[in-house]
Amino acid sequence: MSGDSDCTRTSPSAGSPSDSEFLPDRPKYVCSLSPDLITKAREELQEKPEWRLRDVQALRDMVCKDYPSLGTCLDDAFLLRFLRARKFDYDRALQLLVNYHTCRRSWPEVFDNLKPSAIKPVLESGFVTVLPRLDPEGRHIVCIRPDRWTPSNYPITENIRAIYLTLEKLIQSEETQVNGIVILADYKGVSLSKASHFGPFVAKKVIGILQDGFPIRIKAVNIINEPRIFKGIFAIIKPFLKEKIANRFFLHGCDLNSLHQNIPPVILPEEYGGTSGKLDISAWNELLLASEDDFLHDFSQLVLPCDSSPHDMLVSGDADEKQCDDSLRGMKPQLYYCY
């Protein structure tokens, strides 16, 4: 993603013959979707190819009018991610874009120095990876294994950084923008001490990003091998989940047959009763690490202008943090009980 991060050179309305004269250095969008996916995007996302660039220009104009200091990339392909994630509702797409930047600027522990090489230990641990094969709906499967994390090695925010970069890489694909993703979380071996790191404050931040602060469609979350302690973990998460997302959680326990009703064995590794061989994390790690320069370039476009500060757009999270800390104290007895 390249292009201007301010609104001083906004082009006229879409359809004007002089657009390219105003913005000669902005990459021209070229659709890479197959005919089938174009049809799917039209039916599910209200995306009309003949109006696509007009819609992108409308969102760009709204950014420049309402948030001139947002410091965002304004390229067609980048803005299109947000329109697709909100089914081409301009207002909701704009709010998602603002939330995207709000999240990035309000959690420096996660977003400062965010690049693949910085989270290499997490990748090598196998905490998060992407299965090599797509599901029948054309969706990538993001596999998360909390048991691979040793808290004494690095804080939980490093895991969140790795998940975020994984999503950033996936969403570069137009196919993923249309089809969405599926999450497979294996909670085997998650102990009380490990669960205690995922308190309400962290939960609220993560859920806020996934639901309202990132342009990706999460179509299903499959939980397997969840221990009794997961009841406490889910009790922390559930208050922050919208009903639509909560209904996409599937708890399978140790029942692989139940998992296979959602994810076919042919695309699963042997560890989950699949037939695609042993789980291999190396291919995804190599792909993500090879994208270092691309990430550095892309994220360089998402900078706060020098005449602004995060507080110009963001509301302090101190009250939320205090409220979540109070909630955590109330949740601890429940965690111990479930354990």
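Residues numbered from 1 in each chain as written. Predicted model: local features only at pLDDT ≥ 70, side-chain atom pairs only at ≥ 80, totals over all residues. Heavy atoms only, no water.

If you check an unreviewed UniProt entry, the chain appears there as TTPAL protein from Crotophaga sulcirostris.

Peer 1: So, the overall build of the chain: which residues are in play, and what are the values?
Peer 2: Helices and strands together make up the secondary structure of the chain, namely 17 helices and 5 strands. Looking at the chain residue by residue over its 339 residues, the buried ones come to 50%. Across the chain, contacts joining residues at least 24 apart in sequence account for 77% of those joining residues at least 6 apart. (Helix = DSSP H or I, 4+ residues; strand = E, 2+ residues; numbered from the N terminus. Buried < 20%, exposed > 50% of the residue type's maximum accessible area, 1.4 Å probe, protein only. Contact = heavy atoms within 4.5 Å.)

Peer 1: With reference to specific residues and values, describe the pattern of salt bridges.
Peer 2: Enumeration over the complete set of coordinates arrives at 13 salt bridges. Here Glu 50 and Arg 42 are joined by a salt bridge, their closest N and O atoms 3.3 Å apart. A salt bridge links Asp 55 to Arg 54; its shortest N-O distance comes to 2.8 Å. Overlapping salt bridges, with partners in common, bring together Glu 47, Arg 52, Arg 84 and Glu 174 in one network. (Salt bridge = Lys/Arg side-chain N within 4 Å of Asp/Glu carboxyl O.)

Peer 1: Run through the sheet that holds strand β5 (residues 249-253), naming residues and quoting values.
Peer 2: Pairing is mixed in the open sheet, where 5 strands are placed in the order β1-β2-β3-β4-β5. Looking at which strands have only one partner, the edges of the open sheet turn out to be β1 (128-130) and β5. Geometrically, the sheet is characterised by an average inter-axis angle of 20° between neighbouring strands, direction not taken into account. Pairing of strand β3 (residues 181-186) with strand β4 (residues 218-224) involves 6 bridges; the strand directions are parallel. Across the sheet, the residue bridging to Asp 186 is Ile 224, located in β4. (Pairing = 2+ DSSP bridges. Axes fitted to C-alpha atoms, helices over the stretch in contact; angles between N-to-C directions.)

Peer 1: Before we move on, could you go through the packing of helix α3 (residues 52-66) against helix α5 (residues 90-106) and cite the residues and values that matter?
Peer 2: Direction vectors running N to C along α3 and α5 enclose 55°, while the axes themselves pass 10 Å from each other. If you check the angle between α3 and α5, you find them oblique. α5 is crossed by α3, and the crossing has right-handed handedness. Touching Arg 54, Asp 55, Ala 58, Leu 59, Met 62, Val 63 and Asp 66 of α3 are Tyr 90, Asp 91, Ala 93, Leu 94 and Leu 97, all from α5. Tallied by class, residues from the contact of α3 with α5 come to 8 nonpolar, no polar and 4 charged. (Parallel < 35°, antiparallel > 145°, perpendicular 65-115°, else oblique. Left-handed = near helix turned anticlockwise from the far one by under 90°. Nonpolar A, V, L, I, M, F, W, Y, C, P; charged D, E, K, R; others polar.)

Peer 1: Hey, could you go over helix α12 (residues 230-237) for me, with residue numbers and the actual values?
Peer 2: Most of α12 is tucked away: 6 of the 8 residues are buried. Buried within α12 are the following residues: Phe 230, Gly 232, Ile 233, Phe 234, Ile 236 and Ile 237.

Peer 1: Could you give an account of the layout of surface pockets, naming the residues involved and the relevant values?
Peer 2: Within this model, the largest pocket holds a volume of roughly 1100 Å³. Lining the largest pocket are 47 residues, with Ile 183, Val 206, Ile 207, Leu 210 and Ile 218 positioned closest to its centre. Looking at the lining of the largest pocket, its residues break down into 32 nonpolar, 4 polar and 11 charged. Built from parts of two domains, the lining of the largest pocket gets at least three residues from each of domain 1 (35-106) and domain 2 (112-295). (1 Å grid on protein atoms, 1.4 Å probe; cavity = no way out; pocket = protein on both sides within 12 Å on 5 of 7 lines; lining within 4 Å. Points joined across faces, edges and corners; volume = space filled by probe spheres on them. Domains from an automatic or database assignment.)

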